Amino acid sequence: MQRRHLLKTLGIGGLSAPWLVNVSTDNIHSYTYSAQDIRSISGPSRKITGIVLGAGSRGNTYGDYAVEFPQELNIVGVAEPIPVRLQKFSEKHGVDVQNQFVTWEHVFLRPKFADVIIITTPDHLHHGPAMQALAMGYDLLLEKPIAQSWRECKEILDQQKKYDRIVAVCHVLRYAPYYQKVKQLFDTEFFGRVTSVQHFEPIQHVHMSHSFVRGNWRNAEQSNPSIVQKSCHDMDVLRWWIGKRCTHMSSFGHLTWFKEENAPPGSTARCTDGCAIESECPYSALRVYYRDRTWLHHFDLPADEPARGQAILANLRDGQYGKCVYRCDNSVMDHQVCAMQFEDEITVTFQMEAFTHYHGRKTRVMGTMGDMVGDGDELIFVNFRTGNIEHWNVSDHAEIDSGHGGGDWRLVKDFLRAVDAHDVSLLTSNLDASMDSHLMCFKAEESRKELGTKVILYS
């Protein structure tokens, strides 16, 4: 293949994904990728109405699509137990007071009054509203992970089949141009026969302390194990890129650092309690939230000073985010590694790591005719046949118009198109396609609990 033709072949657009074999269904469809500006991609033929369950960070991310594209999505209802969030969200979208609810259960006391439900509640509140919404005839945009157990995931899948509804799982990386570019390298057989993949997710140390030690995802029983809640994105893109099933899994992981036995001398229960080492602690809540004013997107704060600073300090004195990272009720792993065997003798490793100063997923792909390294923004891929070394940067090839590298809003657009046409083939992250990667996560956790015992995913 000539170099120019090769580069044209590897360009974004016009390719289809292979069939993805799943646990309980063959309802998988081809999918065409595009890195066009989202405004140039056709949306639904009619305005879709939606109800958001959970007006936190993710609920506002997807809800904001309606602000930017009001001709495509209209948010007509919201459920949110925190009053200030409910008020702000309702004002932003002009939600009638009769359609403002405290909890998700209240929404379903009313007859169906919208086309779709957007579920961005905490992990343990996915299964209940999903089951009820499907039974009432709503289509679903369901934040990942699907649910807290494989049994609950399967029940949602069965409910979706029973009522023939559209369900999109928010595996937003599938919709980001960088990840789509990697997918096309796989699909065009650029690598020849793929032999192995190495994938690394550096969480970044402050992100770990914010989300998985102090934050909403700190406790596996209340949320999910970190391999499920955080790394189901990674298992999903690995499954999607490779296009074959993972057959065997072995995993090790530990909560090594963020526990009371590692609390430094002189530290206190809260960073605001006169901690002797606060000024030098990299996880100091006063440093992260008050002095640096970072990671505040889970706080409900006034816009102006000094009220904003006072509200931060009040939260740190009384709320979850002011606790010492060594004295929280966290139970999720701070590092974990998985070794996997995929079909066709493809070996895959995945590592999740809290203790880095950087974030951004890193990937290496090795094949008989080419290899690739990538970091979420840039790719370098080498063609063994020609010796050509190519560099590809997402900023040169795609508009990044939303979070997760542009994936958030591209997911919403495809979801709305799928609902409008009642056509699941317009989605790549449909419920069927997400089941395998969730099974990989649950089996990884099973193996970890047994100190790396190899588990078989399919019998």
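In this report, the structure presented in the accompanying data block is examined. If you're wondering where the values come from, they're calculated on a predicted model, not measured in any experiment. (Residues numbered from 1 in each chain as written. Predicted model: local features only at pLDDT ≥ 70, side-chain atom pairs only at ≥ 80, totals over all residues. Heavy atoms only, no water.)

**Here we look at the pattern of salt bridges**
We apply this condition: Here a salt bridge means any side-chain nitrogen of Lys or Arg lying within 4 Å of a carboxyl oxygen belonging to Asp or Glu. Helix numbering and strand numbering both begin at the N terminus, where a helix is a DSSP run of H or I of at least 4 residues and a strand a DSSP run of E of at least 2. Exposure is judged per residue with a 1.4 Å probe applied to protein chains only, and the accessible area is read against the type maximum: over 50% gives exposed, under 20% gives buried, and values in between give partly exposed.
The full count for this structure, using the stated rule, is 26 salt bridges. Note that D115 and R46 form a salt bridge whose closest N and O atoms lie 3.4 Å from each other. Highlighted residues: D115 in the loop between α4 (104–107) and β4 (116–119) and R46 in the loop between α1 (3–9) and β1 (48–53), separated in sequence by 69 residues. According to the relative accessible area criterion, R46 is partly exposed, its value standing at 36%. In this structure, E155 engages R151 in a salt bridge whose closest nitrogen and oxygen atoms are separated by 2.8 Å. With E155 and R151 both in helix α6 (residues 150–163) and 4 residues apart, the pair spans about one turn of that helix. We classify R151 as exposed; its relative accessible area is 51%. By sharing partners, the salt bridges in this structure join E201, K230, D234 and R361 into a single network.

**Side note on the packing of helix α5 (residues 127–135) against α6**
The relative placement of two packed helices comes down to the angle between their axes together with the axis-to-axis distance. The criterion, for reference: Whenever a helix is involved, its axis is fitted only over the stretch in contact; in every case the axis is a line through C-alpha atoms, and angles between N-to-C directions fall within 0 to 180 degrees. Small angles under 35 degrees read as roughly parallel and large ones over 145 as roughly antiparallel, with 65 to 115 read as roughly perpendicular and the rest as oblique. Between two residues, a contact is recorded if the distance between any of their heavy atoms is within 4.5 Å. Residues are grouped as follows: Ala, Val, Leu, Ile, Met, Phe, Trp, Tyr, Cys and Pro are nonpolar; Asp, Glu, Lys and Arg are charged; every other residue, Gly included, is polar.
Interhelical geometry of α5 versus α6 gives an angle of 10° and a closest axis separation of 9 Å. Looking at the two axes, α5 sits roughly parallel to α6. In this structure, α5 uses H127, A130, M131, L134 and A135 to contact α6, whose residues at the interface are E152, E155, I156, Q159, Q160 and Y163. Here the residues of the contact of α5 with α6 sort into 6 nonpolar, 3 polar and 2 charged.

**Structural notes on the sheet that holds strand β3 (residues 100–101)**
As a reminder of what qualifies: Note on pairing: DSSP must find at least two bridges between two strands before they are called paired.
Ordered in space as β3-β2-β1-β4-β5-β6, the 6 strands form an open sheet in which the pairing is parallel. Either end of the sheet is taken by a strand with one partner, and the two such strands are β3 and β6 (167–169). As paired strands, β1 and β4 are joined by 4 bridges and run parallel to one another. Looking at the pairing, G50 lines up with V116 of β4.

**Description of the packing of aromatic side chains**
Inclusion rule: Note on ring pairs: Phe, Tyr and Trp rings are taken, using the six-membered ring of Trp, and paired if centres are within 6.5 Å. Classes follow the plane angle, with under 30 degrees stacked, over 60 edge-to-face and the rest tilted. Geometrically, a lysine NZ or arginine CZ counts as sitting over a ring once it is within 6 Å of the ring centre and also within 35 degrees of the ring normal.
In total, this model carries 18 aromatic pairs according to the counting rule given. With 5.6 Å between their ring centres and 20° between their planes, F258 and F355 make a pair best called stacked. Of this pair, F258 sits in the loop between β8 (246–254) and α11 (285–291) while F355 sits in the loop between β10 (346–353) and β11 (362–367); the two residues are 97 residues apart in sequence, bridging distant segments of the chain. Residue F355 is classed as partly exposed on the basis of its relative accessible area, which comes to 33%. Members of the aromatic cluster, connected to one another through ring pairs, are Y178, Y179, F186, F190, F191, W241 and F381. The positively charged end of R110 is found above the aromatic ring belonging to F113, 4.5 Å away from the centroid.

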